[in-house]
Amino acid sequence: MSSSTASPSTIPSDLESFLSSPKRMLINGKWVNAKSGKTFDVYDPATDQVIAKVAEGDRDDINAAVSSARAAFDSGPWSKMTASERGRLIWKIGDLIEANADELAQLETLDNGKPLAVAKVADVALAADMFRYMAGWATKIEGNTISLNVPYSPGSEFHAYTLKEPIGVVGQIIPWNFPLLMAAWKLGPALATGCTIVLKPAEQTPLSALRLGELVAEAGIPDGVVNIVTGFGETAGAALASHNDVDKVAFTGSTEVGKLIIGAATGNLKKVTLELGGKSPNVIYDDADIDTAIAGAADAIFFNQGQVCSAGSRLYVQRGIYDEVVAGVSEIAANMKVGSGFDPETQMGPLVSREQFDRVSGFLRAGLAEGAEASAGGGTVDRNGYFVQPTVLKNASPEMSVVREEIFGPVVAAMPFDNDGEITTQANNSTYGLAAGIWTRDISKAHRLAKSVKAGTVWVNCYSIFDAALPFGGYKQSGWGREMGHAALENYLQTKSVCVSL
Ligand code: NAI
Ligand code: MG
């Protein structure tokens, strides 16, 4: 049942030059220290060692960044560029990400802990693709012409149309689970629509966003269009969310902080989009291809150490195959190689931070105390760094915290179900509604459950498939609005109606 470990990480030589220079913030095209002069430590989660000191931005720095974004939006070269020019610059960011893929992947592994191969094929590749996808949209943002009837003015003629205009200065606050990719999801549509941005990366993982800031400048995005302020949520993040000259805030993170963002936005009624937590059901029917479903169920929860908002953390298995599936997922969990993301053998890295390690181990203790039973894992790994065992819990029931709350770690609760009606109720028995998985060979059954499950994304016979073209976001308390796809552009546009008397 114990997980094996790999050797500790060292800082790859490719990163030495980036890490040796002071890590400053990007404001109005300049790399600057925090006005307070303060910095904070950034850790390698595989070793618990400090790897960088980063400028600790706060309200004054946010104010400077917002002023810079405002000036760039109102009167900078960005506002005068054609959509085609804008699109070409955004495309170039994608090219530069690809050209620097190895370095960016290493940075992600060092800062977040994830396996290097995952960082490269998932985080970095999808980030490049997101900019390219959004680059194409820059030239395709169009309003409509609308015929009017105006019943109280018979015989009069009008020419009416809508303009789609960028919303203005946007604040973007992102989490630590996919640091570069979350920056790409946010920056891509904001740039495509012509907005200007103040981005606040998560304090746990600010490094790849700072490297991306260098690439954004290299691509030729004008000064002040993308500003990056590093710092803590309660200070820099809160100052950005409440700033009265910010027109919109886009947030990804916990549902708890999402609610604080809504409160902070009331001052100037800035627009808000939120991508929040989840507790997604993954449903395996007894007519599924069982081997594929077992592997898929393991991947749905263990990918990225379980630190995925759409992780398949509630595993529902039809009763006749419950024992077989639990045994299969448990075997995968027990044999997973847990270790440094730089070890090519590693399948699961550390959690991102000591705080997350404490949080996930707290959930494990609570679940076991409430009567759940670990058929794999169940504890932490005895070595430096923030390692938790891939864990499968059985005998879990709906009222347990491990079934209700987002753990955001490699912990799945497996529960049996008997029939279609019951599984629909169980799947929807959550305050969240981000994603769901369905495994069956019966297409009618799959489409029926896909329709009745309250979730923003439903995967059938697959899981964790993300694409720049496919909208992603939450029902219920999993959020407001959609990321990716052309739906994401709407978050950054407003509609103006123009009516002309002929
Ligand atoms: P968090 O929601 O506190 O942090 C996310 C981002 O929000 C970070 O950039 C942080 O600096 C910022 N932030 C924090 N407090 C803020 C405030 N008052 N005003 C403005 N910005 C603020 O998430 P945390 O504490 O890192 O993780 C706690 C839990 O949140 C996780 O265990 C997980 O359940 C959930 N989470 C969900 C994510 C998702 O992708 N939906 C991502 C990260 C965490
Ligand atoms: Mg927090």
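Our structure is the block above this text.
What this report covers is the structure whose coordinates are included nearby.

Rules behind the numbers
- Residues numbered from 1 in each chain as written.
- Chains lettered and ligands numbered in written order.
- Predicted model: local features only at pLDDT ≥ 70, side-chain atom pairs only at ≥ 80, totals over all residues.
- Heavy atoms only, no water.
- Buried < 20%, exposed > 50% of the residue type's maximum accessible area, 1.4 Å probe, protein only.
- Helix = DSSP H or I, 4+ residues; strand = E, 2+ residues; numbered from the N terminus.
- Arc of directions from axis to C-beta.
- Contact = heavy atoms within 4.5 Å.
- Polar contact = N/O pair within 3.5 Å; in protein donor to acceptor, adjacent residues only side chain to side chain.
- Expected span 1.5 Å × (residues − 1).
- Salt bridge = Lys/Arg side-chain N within 4 Å of Asp/Glu carboxyl O.
- Core = buried A, V, L, I, M, F, W, Y, C linked by side-chain atoms within 4.5 Å.
- Pairing = 2+ DSSP bridges.
- Axes fitted to C-alpha atoms, helices over the stretch in contact; angles between N-to-C directions.
- Near = heavy atom within 4 Å.
- Areas by Shrake-Rupley, 256 points an atom, 1.4 Å probe, with all protein chains shown as cover.

## Details of helix α15 (residues 420-427)
Here is step 1: Among the residues of α15, I423, Q426 and A427 are the ones counted as buried. One face of α15 carries all of its buried residues, which in axial projection span an arc of 95°.
Here is step 2: Each element contacted by the buried residues of α15 is listed here: β13 (281-284), β14 (314-318) and β18 (411-417).
Here is step 3: If you check the start of α15, you find a side-chain oxygen 3.3 Å away from the backbone N of G421, and it comes from N419.

## Here's the deal with the environment of A219
Here is step 1: Take A219: it is sitting in helix α8 (residues 207-219).
Here is step 2: Under the relative-accessibility criterion, A219 is labelled buried at 2%.
Here is step 3: Once the C-alpha coordinates of A219 and A450 are considered, the two residues, 231 residues apart in sequence, prove to be 41 Å apart.
Here is step 4: Leave out the neighbours within four places in its chain, and A219 touches L89, K92, I93 and L96.

## What to know about helix α13 (residues 354-369)
Here is step 1: For α13, built from 16 residues, the straight-helix expectation of 22 Å at 1.5 Å per residue is met to within 8% by its first-to-last C-alpha distance of 22 Å.
Here is step 2: All of the buried residues along α13 are Q356, F357, V360, S361, F363, L364 and G367. Axial view of α13: buried residues confined to an arc of 150°, hence all on one face. Facing away from the buried side of α13 by over 90 degrees, the exposed positions are E355, R365 and A369.
Here is step 3: If you follow the buried residues of α13, they end up packed against β17 (391-394), α14 (401-404) and β18.

## What to know about the pattern of salt bridges
Here is step 1: Scanning all chains against the criterion turns up 19 salt bridges.
Here is step 2: The salt bridge partner of D102 is K120, with a shortest N-O separation of 2.6 Å. Note that D102 is positioned in helix α5 (residues 101-112) and K120 in helix α6 (residues 116-137), a separation of 18 residues in sequence.
Here is step 3: Under the relative-accessibility criterion, K120 is labelled partly exposed at 36%.
Here is step 4: Via salt bridges that share partners, R70, D74, D245 and D247 belong to a single interconnected network.

## Looking at the nonpolar core
Here is step 1: Core analysis: the biggest nonpolar cluster contains 108 residues, and I97, L191 and I284 have the highest contact counts within it.
Here is step 2: Among the elements that make up this core, the one with the highest residue count is helix α7 (residues 179-192) (10 residues).
Here is step 3: Listed in part, the 26 residues of the second largest apolar core include Y316, L393, I438 and A446.

## Observations concerning the sheet that holds strand β16 (residues 373-376)
Here is step 1: Pairing within the open sheet is mixed, and its 7 strands lie in the order β16-β17-β18-β14-β13-β20-β21. Among the strands making up the open sheet, the edge pair consists of β16 and β21 (457-460). Direction aside, neighbouring strands of the sheet carry axes that sit 25° apart on average.
Here is step 2: Its contacts with the sheet place helix α12 (residues 322-335) against β13, β14, β16, β17 and β18, and it is angled at close to 155° to β17.

## A short note on the site of ligand 1
Here is step 1: As a matter of local geometry, ligand 1 sits amid 28 residues, with W176, E203, S254, R359 and E406 nearest to it.
Here is step 2: In this structure, N177 approaches ligand 1 through a side-chain N or O atom, which is 3.5 Å from an oxygen atom.
Here is step 3: At a separation of 2.5 Å, an oxygen atom of ligand 1 approaches a polar side-chain atom of E203.
Here is step 4: Calculation on ligand 1 without its partners gives an accessible area of 810 Å², and the protein chains cover 92% of this total.
Here is step 5: Elements supplying a minimum of two residues to the shell around ligand 1: α9 (233-242), β11 (248-252), α10 (255-264) and α13.

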